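# Coordinate inspection notes
One letter stands for each residue in the lines below.
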Number of protein chains: 2
Amino acid sequence: MGKCVSDYGCSVEAALDVIGGKWKGVVLYHLLEGKRRFGELQRLMPGVTRRMLTLSLRELEEEGIVHREVYKQVPPKVEYSLTEYGRTLEPIILSLRTWGEIYMQKLKRSEENALAAQAK
Amino acid sequence: MGKCVSDYGCSVEAALDVIGGKWKGVVLYHLLEGKRRFGELQRLMPGVTRRMLTLSLRELEEEGIVHREVYKQVPPKVEYSLTEYGRTLEPIILSLRTWGEIYMQKLKRSEENALAAQAK
DNA sequence: CTCCTTAGTTACAATTTTGTACCTATGTTT
DNA sequence: AAACATAGGTACAAAATTGTAACTAAGGAG
């Protein structure tokens, strides 16, 4: 909280401060496709803990990127979605996704090669 | 080091693992414009320490994103540049830059407003 | 009356990232 | 002979991030 222009040396640094960290980008990626409940996000993100998911969502909410809708039900139901402002991040997330896909394909190929070499 | 496909739940997570952190994106941003010497990068990146700059460059080099060219001179001269593979990151860096610029303008406006309100 | 559900919160611990301060190499300049 | 320049390396400390485990709320089901 309490971000300040003078904290940043350039715009890339500022942008990475907002979507950086281990999970915020991943949350945004899943929210690009529409509303998601808390538990749904948890299932979509293997490895995330409830705590980290909560923290990530709260920070994105504070920035005005994510909208949090609480339904007065028991058991509770909470839906998260991108705000209009949040949707301006779409180009970043899509370019991350595209590049990441190719990167993972490369990783996979080199793992397969290492395995084949080991089997002599 | 020793990245593994199974470490990642999705492609965005993988991409952020490569360019995430406080400085790697900023280095890439400056290298988009061409070769840069170590000291030059340091001057372009207020706040970075020699240590963090070295670490960031080393990681990017290991991934094959950045090329390191050492000139046999005294005092030493080392030039860093993007590899062809590194240039595939351009869409990510440009979208981060564009978004970051608008974000910083928003921050600046709200700081000015806060100041004006205080002056009553 | 107890358990189940979802969406959390909290205290604490471990891990990762980042920073500080000092050390190195060596040809050139003063 | 001492100082300067650049591009580091290294040990250690501090700070930030992330993880673990236990606890909570409140209505409905059995």
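Note that residues are indexed from 1 along each chain, following the sequence as it is written. Chains carry letters from A onward and ligands carry numbers from 1 onward, assigned in written order. Only residues with pLDDT of at least 70 are given local features in this predicted model, and only at 80 or more are side-chain atom pairs given and counted; all residues enter the totals for whole chains, interfaces and linings. Note: side-chain values were computed over all heavy atoms of the structure, leaving out hydrogens and water.

Chain A carries the name Helix-turn-helix transcriptional regulator in an unreviewed UniProt entry, which gives Vasconcelosia minhoensis LEGE 07310 as its organism.

### A word on the pairing of strand β3 (residues 77-82) of chain A
Residues and elements named next belong to chain A. Short version of the rule: The rule is simple: take the accessible area with a 1.4 Å probe, protein chains only, and divide by the maximum for that residue type; under 20% is buried, over 50% is exposed, in between is partly exposed. Strands are runs of DSSP state E lasting at least two residues, helices are runs of H or I lasting at least four, and both sets are numbered from the N terminus onward. Only when DSSP finds a minimum of two bridges between them are two strands counted as paired.
When you tally the buried positions in β3, you get 5 out of 6 residues, the bulk of the element. Strand direction decides the pairing type here: strand β1 (residues 36-37) and β3, joined by 2 bridges, are antiparallel. Bridge assignment links R36 to a residue of β3, and that residue is Y80.

### Comments concerning the pairing of strand β2 (residues 66-71) of chain B
Residues and elements named next belong to chain B. Two strands pair when backbone bridges link them, and β2 and strand β3 (residues 77-82) are joined in this way by 6 bridges, in the antiparallel orientation. Bridging from a neighbouring strand, V70 pairs with V78 of β3. Once β2 ends, the chain turns through 5 residues before running back antiparallel as β3.

### Quick look at the protein's contact with DNA strand D
We count it as follows: The near set for a molecule or strand comprises every residue that places at least one heavy atom within 4 Å of it. We call two N or O atoms a polar contact when they sit within 3.5 Å, provided that within protein one can donate a hydrogen and the other can accept it, with sequence-adjacent residues counted only if both atoms are side-chain atoms. All amino acids are sorted into three groups, where Ala, Val, Leu, Ile, Met, Phe, Trp, Tyr, Cys and Pro are nonpolar, Asp, Glu, Lys and Arg are charged, and the leftover types, Gly among them, are polar.
The environment of DNA strand D is made up of 21 residues, and the closest members are M52 of chain A together with R37, R68, P76 and Y80 of chain B. Of all atoms in DNA strand D that approach within 4 Å of the protein, 61% are sugar or phosphate atoms. Contacts to DNA strand D include G39 of chain B, whose backbone N or O atom sits 3.0 Å from a phosphate oxygen. Separating a phosphate oxygen of DNA strand D from a side-chain N or O atom of R58 of chain B is a distance of 3.0 Å. For the surface near DNA strand D, the secondary structure elements donating two or more residues are α4 (50-62) of chain A together with α3 (38-44), α4 (50-62) and β3 of chain B. Examining the composition of the surface near DNA strand D, we find that 4 residues originate from one element, α4 of chain B, more than from any other. For the surface near DNA strand D, the residue count by class is 8 nonpolar, 4 polar and 9 charged.

### Let's talk about the relation of the copies chain A and chain B
Under the convention used in this document: Copy-to-copy alignment: least squares on C-alpha atoms, limited to residues at pLDDT 70 or above in both. Contacts are assigned to residue pairs with any non-hydrogen atoms lying within 4.5 Å of each other.
In the superposition of chain A on chain B (RMSD 0.0 Å, axial shift 0.0 Å), the rotation amounts to 180 degrees. What the superposition gives is, in effect, a two-fold axis relating one chain to the other. Both copies contact each other with a shared surface, as 100% of the interface residues of chain A are interface residues in chain B too.

### A short note on helix α1 (residues 11-19) of chain A
Among the 9 residues in α1 of chain A, 8 count as buried, and that is most of the element. Taken as a whole, α1 of chain A has its buried residues at S11, V12, E13, A14, A15, L16, V18 and I19 of chain A. Where α1 of chain A is buried, its residues contact α2 (24-31), α4 and α6 (90-118) of chain A together with α1 (11-19), α2 (24-31) and α6 (90-118) of chain B. The positive-phi residue at the C-terminal boundary of α1 of chain A is G21 of chain A, with phi of around 90 degrees.

### Overview of α6 of chain A
An α-helical turn contains 3.6 residues, so any two residues separated by three or four positions project in the same direction. The condition is simple: Multiplying 1.5 Å by the residue count of a helix minus one yields the expected span of that helix.
Taking 1.5 Å of rise per residue, 29 residues should cover 42 Å, and α6 of chain A covers 42 Å from first to last C-alpha, within 8% of that figure. Packed against the buried residues of α6 of chain A are α1 and α2 of chain A together with α1, α5 (84-87) and α6 of chain B. Looking one or two residues beyond α6 of chain A, the residue adopting positive phi is K120 of chain A, at roughly 45 degrees.

### Regarding the protein's contact with DNA strand C
Close to DNA strand C lie 19 residues, the nearest being R37, T54, R68, P76 and Y80 of chain A. Counting only the atoms of DNA strand C that lie within 4 Å of the protein, the sugar and phosphate share comes to 59%. R37 of chain A places a side-chain nitrogen or oxygen 2.9 Å from a phosphate oxygen of DNA strand C. Contacts to DNA strand C include R50 of chain A, whose side-chain N or O atom sits 3.0 Å from a base oxygen. Of all the elements in the fold, those that place two or more residues in the surface near DNA strand C are α3 (38-44), α4 and β3 of chain A together with α4 of chain B.

### Describing the side chain of S81 of chain A
Residue and element names in this part refer to chain A. You can see S81 is positioned in strand β3. Take S81: its relative accessible area is 14%, and that puts it in the buried class. Sequence-distant contacts of S81, that is, excluding residues within four places in its chain, are made with L31, K35, I65, V66 and H67.

### Notes on the interface of chain A and chain B
How we decide: In this description, buried area is defined as the sum, over both parts, of the accessible area (probe of 1.4 Å) that is lost when the two are combined. Definition used for salt bridges: Asp or Glu carboxyl oxygen within 4 Å of a side-chain nitrogen of Lys or Arg.
Tallying the contact residues gives 40 residues for chain A and 40 residues for chain B. When chain A packs against chain B, the two sides together hide about 3,700 Å² of surface, and 76% of this comes from carbon and sulfur. Counting across the interface, chain A meets chain B through 0 salt bridges. The interface formed by chain A and chain B contains 9 residue pairs in polar contact (both at pLDDT 80 or more). Breaking the side of chain A that touches chain B down by element, the ones donating at least two residues are α1, α2 and α6 of chain A. Ranked by residue count, the leading element in the side of chain A that touches chain B is α6 of chain A, at 15 residues. Here the side of chain A that touches chain B is built from residues that sort into 24 nonpolar, 7 polar and 9 charged.

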